[in-house]
Amino acid sequence: MAEQMEKQAEQQGFAQYGLEDSIYRALQLLGLQQPTPVQQQVIPQVLQKRDVIAQAQTGSGKTAAYAIPLCQLVDWEENKPQVMILTPTRELAMQVQQEILDIGKLKRIKVPALYGKHSFRQQEKDLKQKSHMVVGTPGRVLDHLERGTLFTGYIGYLVIDEADEMFHMGFLEQVEQILSYLPENRVTLLFSATMPKAVEQLAQQYLREPLRITIAGEPISSRRISHGWYCCDDTDRIDLLLDLLKVHNPDSCIIFANMRAEVEDIYDALWDDGFSCARLHGGMEQWERTEVMRDFKKGLFRYLVATDVAARGIDVETISLVVNYELPPERETYIHRIGRTGRAGHRGAAISLVETYELQELKQIEKLLQQPIEQLPLPDREQVAAAEPAFREKMEAEPEAKGNKNAALHAQILKLQIADGKKAKIRPVDIVGTICAIPGLQAGDIGVIQIMDWVSTVEILNGKGEQVLQALQTKPIKAKVRKVTKAKY
Ligand code: AMP
């Protein structure tokens, strides 16, 4: 029966959910044809406003599993946030925000992201504009709540994403404090890759008769990932790492270390040896972290050296090798780390540098993984020397570009900048009025409008951007011809 239902769901694609046209079209343009297993289970439940606990990993399509129905459910006319999404890391908050912006693009969903190390005042300003949803990390969300800059009276949906990671990072207390600010009459969705006791307790306390969904897409053990370890008792770890990387010579790789200082040391060693690399850890400025992640997703460099904090939950296409420079302090973290590779049918490999005193721990990880982790022979000097030319060639070659999943959606949209804003008393209705007066244009061709103090932006949909840009060179907006150009970002 269940199998039959799944089959039927697959045949019908996203059309079966009765989504509004703007969302259905966005999914098509994003190339999302068939709901993944977690989406098949979660979407109908959310549409029926049921609480859900889903054990789902990154890569299962879990973000869209809640983003699609929530984009459908929000009332566009309402100005105050109706949905709150909590994530453990800033990178994940930004990734979720981007996915919602894409799925909700044609519905003109607005979703500010609230996370630390980013201007509080800017976020406060964003929140004063129309915001259908907010996505953020617990600390900064709580800050906004305490300072009264985030109105929660209309929040009808709460998503707690990567709840186990919230727990590992010590955020559950803050999550509970946030819950005390939210209306009781709401739908709560909790996503977690594993179910530690504390997360289970949180769910029991705050969710109402939740539906439990446990098949989290593709189980990690069924992926085509080979696991190996190298004994580093008698060798310098960094030297061994450099040799191994040259011998494996992956197209794209993440190296995990437990501490920032180690990430810095590894990064320096790789950089000095001519690797195409960058680093990511919690000590870096947010803008720098954002840039590194964006460039890695685009495939602009091959090696990322990172701590778990910075790289958790991050969705990057086709990483061929994951390296544990050392075993993680928590066993589950091994699973999260290797979740970065072997996705969507690609082959992947995971290797770990291990000392003999850690073999017990390695056995425990094997158990959790339900897959053997094989000891691999250390490469000798000749092997490394023989690998060197191919490695150098790859470092000089341009990496393959990745991650333009939303290109088709964005190709239809042109964002225009108008060199006047609030100070010139411009309101959305003035912009809409002028654009709708252009022959062949309707309200449905206008996307998100943002009015700032001195400038405004408006997105033109359906490939009509150039036409509008041209028309606005001579047509007045609020009685005056304004300077209108293509927006830079
Ligand atoms: P997540 O598990 O949310 O980290 O998503 C993993 C990746 O799967 C993201 O890049 C999504 O864009 C992609 N994805 C989500 N849903 C689908 C779908 N139905 N079909 C294909 N790809 C999808």
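Below is a short write-up of the structure. (Residues numbered from 1 in each chain as written. Predicted model: local features only at pLDDT ≥ 70, side-chain atom pairs only at ≥ 80, totals over all residues. Heavy atoms only, no water.)

One way to put it is that helix α6 (residues 120-128) packs onto helix α7 (residues 138-146) with a least axis distance of 12 Å and a crossing angle of 65°. Between α6 and α7, the interaxial angle falls into the category roughly perpendicular. As α6 packs across α7, the resulting crossing turns out to be right-handed. Contacts from F120, Q123, E124 and L127 of α6 reach α7 at R140, D143 and H144. (Axes fitted to C-alpha atoms, helices over the stretch in contact; angles between N-to-C directions. Helix = DSSP H or I, 4+ residues; strand = E, 2+ residues; numbered from the N terminus. Parallel < 35°, antiparallel > 145°, perpendicular 65-115°, else oblique. Left-handed = near helix turned anticlockwise from the far one by under 90°. Contact = heavy atoms within 4.5 Å.)

Of all residues adjacent to the ligand, which total 17 residues, the nearest are Q34, Q39, T63, D315 and K405. Side-chain polar atom of Q39 to a nitrogen atom of the ligand: 2.7 Å apart, as the coordinates give it. The separation between an oxygen atom of the ligand and a polar main-chain atom of S60 is 3.0 Å. A total of 500 Å² of accessible area belongs to the ligand in isolation, and the protein chains cover 83% of it. In the shell around the ligand, the residues fall into 3 nonpolar, 9 polar and 5 charged. (Near = heavy atom within 4 Å. Polar contact = N/O pair within 3.5 Å; in protein donor to acceptor, adjacent residues only side chain to side chain. Areas by Shrake-Rupley, 256 points an atom, 1.4 Å probe, with all protein chains shown as cover. Nonpolar A, V, L, I, M, F, W, Y, C, P; charged D, E, K, R; others polar.)

A sheet is described by the order of its strands in space; here 7 strands give the open sequence β10-β11-β9-β12-β13-β8-β14, paired in parallel fashion. Every other strand in the sheet has two partners, leaving β10 (277-280) and β14 (374-375) as the edge strands with one partner each. Judged from the 4 bridges that link them, β10 and strand β11 (residues 303-306) form a sheet pairing that is parallel. Residue pairing across strands places A278 opposite L304, the latter belonging to β11. (Pairing = 2+ DSSP bridges.)

As a further point, take the side chain of D430. For D430, the location among the structural elements is in helix α19 (residues 428-436). Here D430 falls in the buried class, since its relative accessible area comes to 12%. (Buried < 20%, exposed > 50% of the residue type's maximum accessible area, 1.4 Å probe, protein only.)

Pairing in this open sheet of 7 strands is parallel, and the strands run β3-β4-β2-β5-β6-β1-β7 from one edge to the other. Since the sheet does not close on itself, it has two edges, and those belong to β3 (113-114) and β7 (211-213), each with one partner.

Here the phi dihedral of E162 falls at roughly 50°; this positive angle occurs in a residue that is not glycine. Within the fold, E162 resides in the loop between β5 (157-160) and α8 (163-168). Given the relative accessible area of 2%, E162 is considered buried.

In this section: the layout of surface pockets. Considered as a void within the structure, the second largest pocket measures approximately 460 Å³ in volume. Along its surface, the second largest pocket is lined by 20 residues, and W76, K110, K130, P428 and I449 are the ones closest to its centre. The class makeup of the residues in the lining of the second largest pocket is 10 nonpolar, 4 polar and 6 charged. (1 Å grid on protein atoms, 1.4 Å probe; cavity = no way out; pocket = protein on both sides within 12 Å on 5 of 7 lines; lining within 4 Å. Points joined across faces, edges and corners; volume = space filled by probe spheres on them.)

What follows covers the pattern of salt bridges. Enumeration according to the criterion identifies 27 salt bridges in this entry. For E91, the salt bridge is made with R289, and the minimal N-O distance between the two is 2.8 Å. Remark: R289 occurs in helix α13 (residues 286-298) and E91 occurs in helix α5 (residues 90-103); sequence separation between them is 198 residues. In this structure E91 comes out as buried when scored by relative accessible area, which is 3%. The residue D453 makes a salt bridge to K125 at a minimum N-O spacing of 3.7 Å. (Salt bridge = Lys/Arg side-chain N within 4 Å of Asp/Glu carboxyl O.)

By the element assignment, L378 lies in the loop between β14 and α17 (381-396). Separated by 64 residues in sequence, L378 and Q442 place their C-alpha atoms 66 Å apart. L378 has contacts with Y230, C231, L240 and Q383, leaving out every residue within four places of it along the chain.

Attention now moves to a positive patch on the surface. Residues R121, K128, K422 and K423 make up a contiguous surface patch of positive charge. Judged by its relative accessible area of 47%, K422 is partly exposed. (Patch = residues over 30% accessible without salt bridge, like charges linked within 9 Å, V, L, I, M, F, W, Y side chains within 5 Å. Lys, Arg positive; Asp, Glu negative; His and termini not counted. Charge placed at Lys NZ, Arg CZ, Asp CG, Glu CD.)

Within α6, the full set of buried residues consists of F120, Q123, E124 and L127. When α6 is viewed along its axis, its buried side chains cluster within an angular range of 105° and face the same direction. Facing away from the buried side of α6, by more than 90 degrees, are the exposed residues R121 and K128. On its buried face, α6 is in contact with β3, β4 (133-136) and α7. (Arc of directions from axis to C-beta.)

Tracing the sequence through the fold places Y357 in the loop between β13 (348-354) and α16 (359-369). In this structure, the C-alpha to C-alpha distance between Y357 and D233, residues 124 residues apart in sequence, is 9.1 Å.

Attention now goes to the pairing of strand β17 (residues 456-460). A large share of β17 lies buried, amounting to 5 of its 5 residues. Where burial is concerned, the two faces of β17 agree: the one with S456, V458 and I460 and the one with T457 and E459 are both buried. Pairing of strand β15 (residues 414-418) with β17 involves 5 bridges; the strand directions are antiparallel. Along β17, the bridge assignment pairs L416 with V458. Of the pairings in the sheet, the one linking strand β16 (residues 446-451) to β17 comprises 4 bridges and is antiparallel in character.

Within the fold, H227 resides in strand β8 (residues 225-231). Not counting chain neighbours up to four residues away, the residues in contact with H227 comprise Y334, I338, A350, L369, Q371, P372, I373 and E374.

Let us look at the packing of aromatic side chains. What the rule picks out here adds up to 7 aromatic pairs. Aromatic side chains F275 and Y303 sit 5.0 Å apart centroid to centroid with 80° between the ring planes, which places their arrangement in the edge-to-face category. Linking F275 in the loop between α12 (260-272) and β10 with Y303 in strand β11, this pair joins segments that are 28 residues apart in sequence. Comparing F275 with Y303, the two get one shared label, buried. Judged by centre distance (4.6 Å) and plane angle (50°), the ring pair of F275 and F391 falls under tilted. Residue F275 is found in the loop between α12 and β10, and its partner F391 is found in helix α17; the two are separated by 116 residues along the sequence. F275 gets classed as buried once you look at its relative accessible area, which sits at 3%. Take F391: its relative accessible area is 0%, and that puts it in the buried class. In textbook terms, an aromatic cluster arises when at least three aromatic residues are bridged by ring pairs, as seen for F275, Y303 and F391. Positioned above the aromatic ring of F120, the side-chain terminus of R147 is 3.8 Å from the ring centre. Cation over ring: R237 sits above Y325, and NZ or CZ is 5.9 Å from the ring centre. (Phe/Tyr/Trp six-rings, centres within 6.5 Å; stacked < 30°, edge-to-face > 60°. Lys NZ or Arg CZ within 6 Å of the ring centre and 35° of its normal.)

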